[in-house]
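# Observations on the model geometry
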Amino acid sequence: MGKATRSLSGESQKKYVRDLVGSIDGITPEAAAALTSACEREIAQVRVRLPIPERGKSAKSAKKNAGIEPARAGSSAAPAAPAPAEFDPFAFSVVVVVTKEGREGLATKLAAIGPADLRALAKAQHLALPEGDLSTEDLRAAIVEGALQRIANRKAAAS
């Protein structure tokens, strides 16, 4: 049986707290920002239950749109388009994925990520990328190799 909780710290913790506080009905944006800021200052690490519910802007707008009254739904105001979900470079650990699922598993997970987000992922997870302009496929291959190199470095340091 897998873990029923997950430990979060750093940027993934900040995103979790921001999404959690932002999903509370009846809280003003100023109060949400103040509460989020206080949590970021005071809490070093959190342990959350799995699976973590989707609380991003798209889930929040879907929740609000589901509760629209019929009289309001027919109003002349055009509905706002949902904001695209922001990429989270800490949504998964490349080292963990390559360890558990192998090179192909990581390549599959990276296939759905665009070039700008691939660079953000590599930077956030401290993976070295070659200099210069790389194609999207070259970026994905470099991230896989970087993850394998990190594992090799850990093994070498442990011996």
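Residues numbered from 1 in each chain as written. Predicted model: local features only at pLDDT ≥ 70, side-chain atom pairs only at ≥ 80, totals over all residues. Heavy atoms only, no water.

## Topic: the packing of helix H6 (residues 115-124) against helix H7 (residues 136-158)
To be explicit about the condition: A fitted line through C-alpha atoms represents every axis, and for helices the fit uses only the stretch in contact; the resulting angles, taken between N-to-C directions, go from 0 to 180 degrees. Strands here mean DSSP runs of E at least two residues long; helices mean DSSP runs of H or I at least four residues long; both are numbered from the N terminus. Should an angle fall under 35 degrees it is called roughly parallel, over 145 degrees roughly antiparallel, and 65 to 115 degrees roughly perpendicular, with every other angle called oblique. Handedness of a helix crossing follows the sense of rotation of the near helix relative to the far helix, less than a right angle counterclockwise being left-handed and clockwise being right-handed. What makes two residues a contact is simply this: any of their non-hydrogen atoms within 4.5 Å. Residue type decides the class: Asp, Glu, Lys and Arg count as charged, Ala, Val, Leu, Ile, Met, Phe, Trp, Tyr, Cys and Pro as nonpolar, and the leftover types, Gly among them, as polar.
Contact geometry of H6 with H7 gives a least axis separation of 10 Å together with a crossing angle of 20°. Between H6 and H7, the angle falls in the class roughly parallel. Where H6 crosses over H7, the handedness of that crossing is left-handed. Between H6 and H7, the contacting residues are Pro115, Leu118, Arg119, Leu121 and Ala122 on the first element and Thr136, Leu139, Arg140 and Ile143 on the second. Split into classes, the residues belonging to the contact of H6 with H7 amount to 6 nonpolar, 1 polar and 2 charged.

## Points about the packing of aromatic side chains
Just so we agree on the cut-off: Between rings of Phe, Tyr and Trp, where Trp is taken as its six-membered ring, a pair exists when centres lie within 6.5 Å; planes separated by under 30 degrees are stacked, by over 60 edge-to-face, and by other angles tilted. A ring is scored as having a charge over it whenever the NZ atom of a lysine or the CZ atom of an arginine sits within 6 Å of its centre and within 35 degrees of its normal.
Across all of its chains, the model carries 0 aromatic pairs by this definition. When the ring centre of Phe92 is taken as origin, the NZ or CZ atom of Lys109, which lies over that ring, is 5.2 Å away.

## Here we look at the confidence of the model for the chain
Short version of the rule: Values of pLDDT, the confidence the predictor places in each residue, fall between 0 and 100.
With 79% of its residues at a pLDDT of 70 or more, the chain has an overall mean of 81. Mean pLDDT in the chain bottoms out at helix H4 (residues 70-73), which sits at 44, and peaks at helix H5 (residues 94-110), which reaches 94.

## Concerning the packing of helix H1 (residues 10-22) against helix H2 (residues 29-42)
Where H1 contacts H2, the two axes come as close as 9 Å, and the packing angle between them is 150°. Regarding the angle of H1 to H2, the classification is roughly antiparallel. Note on packing geometry: the crossing formed by H1 with H2 is right-handed. For the pair H1 and H2, contact is made by Lys14, Val17, Arg18 and Val21 and by Ala32, Leu35, Thr36, Cys39 and Glu40, respectively.

## Things to note about the layout of surface pockets
Stated formally: Lining residues are defined by having an atom within 4 Å of a point belonging to a cavity or pocket. Those points lie on a 1 Å grid over the protein atoms alone, cavities being sets where a 1.4 Å probe fits but cannot get out and pockets being open sets with protein on both sides within 12 Å along at least five of seven lines. Grid points are joined across faces, edges and corners, and a volume is the space filled by probe spheres set on the points.
A volume near 680 Å³ is recorded for the second largest pocket. In this structure, the second largest pocket is lined by 21 residues; those nearest its centre are Arg6, Ala91, Phe92, Ser93 and Val96. Broken down by element, the lining of the second largest pocket gets its largest block of residues, 6 residues, from H5. Split by residue class, the lining of the second largest pocket holds 8 nonpolar, 5 polar and 8 charged.

## Observations regarding H6
Rule in force here: Exposure categories follow from relative accessible area, calculated using a 1.4 Å probe and restricted to protein chains: below 20% of the type maximum is buried, above 50% is exposed, and the middle band is partly exposed.
For H6, every residue scored as buried is listed here: Leu118, Leu121, Ala122 and Ala124. Looking at the packing, one finds that the buried side of H6 touches H5 and H7. Just past H6, the residue His126 takes up positive phi, approximately 55°.

## Examining the environment of Glu40
In this fold, Glu40 is placed in helix H2. We classify Glu40 as partly exposed; its relative accessible area is 34%. Distance in space between the C-alpha atoms of Glu40 and Arg18 is 9.3 Å, their sequence separation being 22 residues.

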